[in-house]
Amino acid sequence: MRDIAIKLEGVWKIFGERAENAMAAVAEEGLTKSEVLARFGAVIGIADVSFDVRQGEIFCIMGLSGSGKSTLIRHINRLIEPTAGRVEVLGQDVMRLSEPELRAMRSEKIGMVFQHMALLPHRSVRDNVAYPLEIRGEPKGRRWEISQYVLSLVGLDGFEDRFPSELSGGMQQRVGLARALASDPEVLLMDEPFSALDPLIRRQLQDQFVTLSEQLHKTTLFITHDLDEAIRLGTRIAIMKDGRIVQIGTPEEIVTNPADDYVRDFVQDISKLKLVFAHTIMEPLQGDAVEKFAQSPRVSEDSDLDHLVDVAITTPHPLVITDAEGKDIGVVSKDRLLRGIQGGK
Amino acid sequence: MIDHRRENRSQSIADAVPHLDIADSVRAFAIQRGDYYARTMTRIQSHAGFVAIFNWGAAIFGPVWAAARGLWGLFWCFAILELMALVQLSQGLFSDLGAVPRARAERLEENYERVLARVQAARDRGDETGADALARNADRLQAALEKALDQAQEAAAAGVELVIFGLFAFVLIKGIEGISANIAYEKRYSRWRADKRVRAGFQWTGAAIGAGFVALVYSIALYGFTVAEPAAFVRTFPVEKIYYEEIAASIDRAFDLATIQFGVFFNGIALGIRFLLDGLEVIFVQTPWPVVMVAITLFAWRLAGPRVAVFTVTALAYIALLGFWEKAMETVSLLGAASFLCVVIGMPLGVWFARSERAYAVARPVLDLMQTLPSFVYLIPIIAFFGTGKPPGILASMVFGLPPIIRLTTLGLREVPKDVIEASRAFGATHWQTLTGVEMPLALPSIMTGINQTILMCLSLVVIAALIDAKGLGYDILVALQYAAKGQGILAGFAILFCAVVIDRLVQGGIKRGKGPR
Amino acid sequence: MGANRTQGATSDAPAIDLTHSIAEFVGVRASFYVVRFNLLLAGQNRWRVNCAALIFGPLWAAARGLWAFFYLFVILELVAWVQIGRGLWGDLGADKLSEAARLQAKADQLMAEATRGDVSAQLLLESAANLSHAAENARIAAEAAADGATTYLLVGLLLLGLFKLMAGLWADRVYERQYTQWRVNKRVPSGFDLYRLASGCALLLFAFSLTLYRFTFSQPDERIMAVPVPSAYHTRTANLLEEYFDRTAAAGAGLFDSITGATETVLNAIEAVFVDTPWPVIAVFFLLAAWRFAGGRVAIFTGAALTYMGFLGLWEKSMLTLALVSSAAIFCVLMGIPLGIWCARSKRVYAVVQPVLDLMQTMPAFVYLIPIIAFFGTGKVPGILATIVFSMPPVIRLTALGLNQVPKDVVEAARAFGATQWQLMKGIELPLAAPAIMTGVNQTILMCLSMVVIASLIGARGLGQEVLVALQFVAKGQGILAGLAILCCAMVLDRIVQGRFRREEGT
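Each value, and the rule that gives it
- Residues numbered from 1 in each chain as written.
- Chains lettered and ligands numbered in written order.
- Predicted model: local features only at pLDDT ≥ 70, side-chain atom pairs only at ≥ 80, totals over all residues.
- Heavy atoms only, no water.
- Buried < 20%, exposed > 50% of the residue type's maximum accessible area, 1.4 Å probe, protein only.
- Helix = DSSP H or I, 4+ residues; strand = E, 2+ residues; numbered from the N terminus.
- Arc of directions from axis to C-beta.
- Pairing = 2+ DSSP bridges.
- Contact = heavy atoms within 4.5 Å.
- Axes fitted to C-alpha atoms, helices over the stretch in contact; angles between N-to-C directions.
- Phe/Tyr/Trp six-rings, centres within 6.5 Å; stacked < 30°, edge-to-face > 60°.
- Lys NZ or Arg CZ within 6 Å of the ring centre and 35° of its normal.
- Buried area = accessible area lost by both parts, 1.4 Å probe.
- Salt bridge = Lys/Arg side-chain N within 4 Å of Asp/Glu carboxyl O.
- Polar contact = N/O pair within 3.5 Å; in protein donor to acceptor, adjacent residues only side chain to side chain.

Colleague: Where do I start with helix α1 (residues 19–26) of chain C in this structure?
Modeller: Side chains of residues three or four places apart in an α-helix project in the same direction, reflecting 3.6 residues per turn. Residue and element names in this part refer to chain C. Looking at α1, one finds that the buried residues are Ser-21, Ile-22, Phe-25 and Val-26. All buried residues of α1 fall inside an arc of 125° around its axis, so they share one side. Facing away from the buried side of α1 by over 90 degrees, the exposed positions are His-20 and Glu-24. Among the residues trailing α1, Gly-27 stands out with phi positive, at a value near 75°.

In structure tokens form, the structure reads like this:
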């Protein structure tokens, strides 16, 4: 079985009439964004992006608006043609596919969810969900069976025969999700699916999405402008700025070890309670200090700060951190704990 | 939320999908013959392509079945197709297709026999030459007679062809009906799932209406087409022409009476318009042409920039070189008078309609009507009251040109943001101050668009008004149309076109300038 | 600040000094305008005469860049000057005088003949007397006209004085408004500009001299009165065009004939359906269609309209009209919707088509007929062709509009799920654009109807012909009745199509 589902290598996208020339010049001379704009009247959308997405993981791409993340995700199913670089999905070079092959890949292997739902207003919920299947030429009975099942997966039993306009925003986006799942794709592309929703509904849908992905194990590329969301959902996170990827890592890596000031700014306001673990902030124990900390409670090294706080409240003593075998390996004083919560100043 | 499903960690959705049985819901939809439709629709849904299942009920009852099942689109198709086939069939079967040639043959035969008798009589008298001439006649008649008889036979034989063709078409149509019925009904069922307003089941009212329509239309149509000489009332509306003439005459009388009674009023209006028009004609027609030309060009340049000015010069040169100058200026005067009056009357009306919901509710259908009506129709009441000539032409143009300016003034004023008006009121502005200082300037782009449309509308009618003697360029076109003088017509047509484009560009330039730096 | 807290916020606003800014705007004679503008801004002294504007009028305005003011006073002063010119130099009685001379000459001639002593001498003498009487009258009229010269002069002078005064009084206010505008927008002309003054002078001289000449002299040069172009230009060009059309029509006879043939086939078939089918069938069909598509009220209205047509004996003509309109509408829709789709697909095509459509809407309907008769002659087929050309723009425009208005994200979603172009068009774009397309179809039908009358000018039959005949013979009653029948057709079609459209929207 393949391990890597999506692979991007040096992908560039330049918008403008003379994109090809601009690309050549960029490759040779290494022009900056503003130089390209001045010389070719072209705008760089994506600059030299490479990453791999592993089978079954949720890969989040986080960036502010205009950072090129929505452009990037459209390269995966070639809704936008890259100016340079290589895009590989499930081991196939997307750029080499013929028109029918590309369509087949889109309708069978890749599902997509859109920021503004993009439901078809003239079709019922059932027909919306069945749309990818209809394009594939499935018989109607099969279409109905699958759409009913997928709708039940997203918790919309009994809404099959409504029209999208009769549903709330959150429900509409669940229809969008169901539509993406209907063709049982191996890859899910989600373009800021929850950002148009109210905070409360967004939270609900995030939870539901986590549950669903645990159940279905779809490789997911998830775009968001909300770092909280990226951290909540992502197995790994890529942070984008001005068309470039600034940092790729797990949520904890990003939070505890930001690559530059830009990322640090983002991370600053993120609550570390659930993201940072005891072994990251502890002071390693030197020598034999068992007696010194005899009254201290013992906490395992992979408990998060939240748990440490819970324990620390019950005792006046510092906490002793133990490894998997129950051996004392470090100590966390209250001062250290507070600094840890602040983000390790 | 759906935690209970966690345990069945299936990778593939396709394998996990449970079977869906639509039979019950189809039964609820079809009601009558529910089991049959449950079966057929399940079959149709389980195949991707075309599924042929013959519905005997639909095939036999055709349009009536469709009507009963609420498939009205199908009903119309079936009814018309069947009717066409049936007409062929019944013409072949019952209609005396050879009747016309046979009647002629009989007539010819009579003549032939009469001529033969005369030949005999001539021979008896010993008038050989006369007899020969008559005999030649008789031969000719005989030939014609034989031909007619042949034709009659042929036509009668064609009857068989018609029967075969009609029968074939009928059976074919029935076949199509039977096969398409279930597919169409399944589509309807899918729609019913999402939209419960779609009527379900077998509707007796639908069936009755369908059957009534089919019975009535089929019988009359078959009667009308089959019987050689159907009763007159079937072919033409059974009404005497007298109604028409009487009513037309009384309308004439009413108009004449009104014209006499209110002569002063109508003459007053005509006089006022004439006065305005005379003023404009002095400016456009009587002022030396170089002055007018320079003025227009300068105007174009100031309002719309050098490119439009160049175009204007070209257009004016064309008009002048081909000798249309005076007529074009006459048209422009007419147009000026008409659009001036439209703006002067239309803008206050527009303001009023923007203010008063009730007035607008009354006026809107009238405005719609004014624009829907073919422009020629206006000309009639106007010539009735005002006679022919230029002032009536202007009046007719006004009827056509008023709606856009009224409509767009109202629209523009209504689209002024409510908060801006509120702000103006909050500072103690009077209605008049709000209107002139806030609403009008904000509605100006829309009003200017209205003026532009009004002018173009007026132009198109000023040209048509040549029909009632309003002269100008339209007259040339009219003459060209009447004598099919294409060259002349095209030249005049271009002159009008240039007028229209120049005016349009000028007004649009004005609009852009009015928007200014804002 | 704290001390005068009780005072109003505005009463202690410091005065602003506009002197520099006004001087910068005005340029020449700055001190004068600073005083004037300040007075105006202070709300005092509203009506003061600006002598420069009073004396130089339009020229002052030109120099100061007030072009609207310039044009207005050029025209006004011209009117006044024309009157003065007529009073001073105009040979006002000239027309009458020459007429009198002509009449007198004729009278003398008759007199001479009479004295030669013919048989009809008595008659001639009488005529001669009449003529000399008329000549005398003309001479008297000429004298009266010559006396009127003073009146003209007086009125002219009065008007001139009035206009000058207006200009003088108004000038400061207009100029001050220009200043206010200039403050926001520095492109507004400012200062005293010699170049502008010169162009104003030239214009003034040109217009005044020619116009005064035209109105003052009794027999001005013909070249001023009418554009000095030999009528041969017109005739020759017209003939050339005519030849060209004839040649093209002959060369493309096959094409034109086949178009005519195809159109005629369709038209005849539809005409046969409308006219030959027994009227009850048509009536029931319309009623049922109205009822199904648009509901009970429209059905009742349709019934009334049909009854009207029937009872006034306009049934057959109405059916002919409906046949013409339906075949034109069918052609329009069949050609217009694909064209609209093409326009929506290709930006370049739309860039070409849009100005053509604009032009078609700007042109008076009449004009369409000419090229049509040039290539297709007259008759009902050319009539229908003209109707098609006239009525196609709305359906093209609204199809393109509707397709362009389909939300981009929906289209993208369909593409992301692998839809082909055809699936996209059929399943998504056309259904979503349907309301706009139906509006276009409705407008097209109404335009077809409005063209029906015009098309009858080149031989289309039906109600239009009836209206046209009524117009030509001022047969008001007949015209009104036929016009109402057209109205009925228009409203019935409109309501049925709109009803259908609303039904589609409902689901």
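Colleague: When you look at the sheet that holds strand β12 (residues 298–300) of chain A in this model, what are you seeing that I'm missing?
Modeller: Paired through backbone hydrogen bonds, the strands of a sheet run either parallel or antiparallel to each other. Residue and element names in this part refer to chain A. In spatial order, the strands read β11-β14-β13-β12; together these 4 strands make up an open sheet with mixed pairing. Single-partner strands in this sheet number two, and they are β11 (283–284) and β12. With 2 bridges joining them, β11 and strand β14 (residues 328–332) adopt antiparallel strand pairing. Paired with Pro-284 across the two strands is Gly-330, which belongs to β14. The strands touched by helix α14 (residues 305–313) are β12 and β13 (319–322); relative to β13, the strand with the most contacts, the crossing angle is about 135°.

Colleague: When you look at the packing of aromatic side chains in this model, what are you seeing that I'm missing?
Modeller: Each pair of aromatic rings is reported with the distance of its centres and the angle of its planes. Within this structure, the stated rule accounts for 54 aromatic pairs over all chains. Aromatic rings pair up to connect Phe25(C), Phe32(C), Tyr33(C), Phe37(C), Trp60(C), Phe69(C), Phe73(C), Trp170(C), Tyr175(C), Tyr179(C) and Trp182(C) into one cluster. The ring of Tyr36(B) has Arg33(B) sitting right over it, with the charged end atom 4.1 Å from the ring centre.

Colleague: Would you take a moment to explain the interface of chain B and chain C for this structure?
Modeller: With 84 residues of chain B at the contact, the number on the chain C side is 83 residues. Roughly 7,400 Å² is buried in total at the junction of chain B and chain C, and carbon and sulfur atoms are behind 79% of that figure. If you look at where chain B meets chain C, you find 0 salt bridges. Here chain B and chain C share 2 residue pairs in polar contact (both at pLDDT 80 or more) between them. Take the side of chain B that touches chain C: its biggest share by element is 11 residues, from helix α22 (residues 486–515) of chain B.

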